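# Topology and contacts: notes
The lines below spell out each chain.
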Amino acid sequence: MNTEIIYDINDENLDRAAEIIKNGGLVAFPTETVYGLGANALDPLAAKKIYSAKNRPSNNPLIIHISDPADAEKYCFTNELYYKLAKRFMPGPLTVILPKKDIVPYAVTGGLETVAVRVPSSKTARSFIERSGVAIAAPSANLSGKPSPTKAQHVILDMYGRIDMIIAGEDSQIGLESTILSLAEAVPKIYRPGKVTYEELKEICPDILISDAVLHMHTGRPESPGMMYQHYAPKAKVTIIDSDDKTRTAFLINKTDCGILCYDEDKELLSMPYSKSLGSKSEPLEQAKLLFARLREFDENDDITQIYAPMPSDKGVGLAVLNRLIRAAGFDVKEL
Ligand code: AMP
Ligand code: MG
């Protein structure tokens, strides 16, 4: 397939992108979380194309993207809590799950009776959605299993020749996917942590749970199907080191042929051949922004077969970094 890449983000080009959506095609577009791979959310055939372009299992549901929180009424049954959350967090990196209306095809929800809805804050994304005139179903624009794309170049590497258009816009400012909160059950539950934290959500809904699957490998039927697959993985094996900084440095200092993810504060490790910093140890937002790009950088060097990473904090945005990294590592954690 011929993929057109748009570097110039102007009205005319966004209208052409919207036209592709109206005609049932696929367009990758920037958002503040990660790049999305979009299709008309009301067209089951278009949604199916997303799954084949990504090699994504068809029971892993898609998030639908709207440009105004009130548009959710067309697609799902909202409630008071939805509007409270919308007032505080939308547009932004929060996805909410609600019971779906009939108009949303099962091809988009992976057969579920619920649908996930988000309003991106990226201006490019919202303008593109508005011009399309429908909700846009979009997972991350990477091949299934790989780290999500946070730069246009990542999308080009994974999707060129597989989709109709790539809007090559800005780098993703957040760098990790949205927080997913289900409002479709008795007690609201976080299925995926993101920039909007547990602590912040608790201020709006004091009763809130975090799904066990956020940090553990799932057994049995997952509540959020996407959580069961190995995810975000670079070519090399990733192992998380759970220890104090001194012990981690002592363990890694001789591993000159390994990829090493560390922090700005790890001066000794940073002088090693294949080390890369995730930013400051005390800045989880910086780590979130850099994580996927760093994992993909290791893919450029075929000599690296093993990557070691530090154990992120489980507080605030740290929980989202930990959630992605532990999946990239296939839950391989080495305690020292
Ligand atoms: P991504 O493909 O990276 O955007 O991931 C979308 C995530 O949203 C996956 O983990 C899905 O399992 C989750 N998701 C989407 N819709 C639903 C839903 N109705 N119920 C539970 N999880 C959902
Ligand atoms: Mg994804």
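The rules behind these values
- Residues numbered from 1 in each chain as written.
- Chains lettered and ligands numbered in written order.
- Predicted model: local features only at pLDDT ≥ 70, side-chain atom pairs only at ≥ 80, totals over all residues.
- Heavy atoms only, no water.
- Pairing = 2+ DSSP bridges.
- Helix = DSSP H or I, 4+ residues; strand = E, 2+ residues; numbered from the N terminus.
- Salt bridge = Lys/Arg side-chain N within 4 Å of Asp/Glu carboxyl O.
- Buried < 20%, exposed > 50% of the residue type's maximum accessible area, 1.4 Å probe, protein only.
- Axes fitted to C-alpha atoms, helices over the stretch in contact; angles between N-to-C directions.
- Contact = heavy atoms within 4.5 Å.

### A closer look at the sheet that holds strand 2 (residues 27-29)
Sheet strands line up and pair through hydrogen bonds in the backbone, either parallel or antiparallel. As summarised here, the arrangement of the 11 strands in space is 1-8-2-3-7-4-6-5-9-10-11, forming an open sheet in which the pairing is mixed. Every other strand in the sheet has two partners, leaving strand 1 (4-6) and strand 11 (209-210) as the edge strands with one partner each. The sheet contact formed by strand 4 (residues 63-65) and strand 7 (residues 136-137) spans 2 bridges and is antiparallel. For Ile-64, the partnering residue across the bridge sits in strand 7 and is Ala-137.

### Regarding the pattern of salt bridges
Under the defined criterion, the tally for this structure stands at 18 salt bridges. Arg-296 serves as the salt-bridge partner of Asp-158, at 2.9 Å between the closest nitrogen and oxygen. Note that Asp-158 is positioned in helix 7 (residues 152-159) and Arg-296 in helix 11 (residues 284-298), a separation of 138 residues in sequence. Accessibility assignment for this pair places Asp-158 and Arg-296 in one class, buried. One salt bridge connects Glu-177 with Arg-324, and the closest N-O pair in it is separated by 2.8 Å. On the criterion of sequence distance, the pair formed by Glu-177 in the loop between strand 8 (165-167) and strand 9 (179-182) and Arg-324 in helix 12 (residues 318-328) is long-range, its members being 147 residues apart.

### As for the sheet that holds strand 14 (residues 275-277)
Spatial ordering of the open sheet is given by 14-13-15-12-16, a layout of 5 strands whose pairing is parallel. Strands with a single pairing partner mark the edges of an open sheet, and in this sheet they are strand 14 and strand 16 (333-335). Going across the sheet, the axis of each strand differs from the next one's by a mean of 25°, ignoring polarity. Two strands pair when backbone bridges link them, and strand 12 (residues 237-242) and strand 15 (residues 306-310) are joined in this way by 5 bridges, in the parallel orientation. By the bridge assignment for strand 15, Ile-240 is matched with Ala-309. Sheet strands touched by helix 11: strand 13 (259-262), strand 14 and strand 15. Its angle to strand 13, the strand with the most contacts, is close to 165°.

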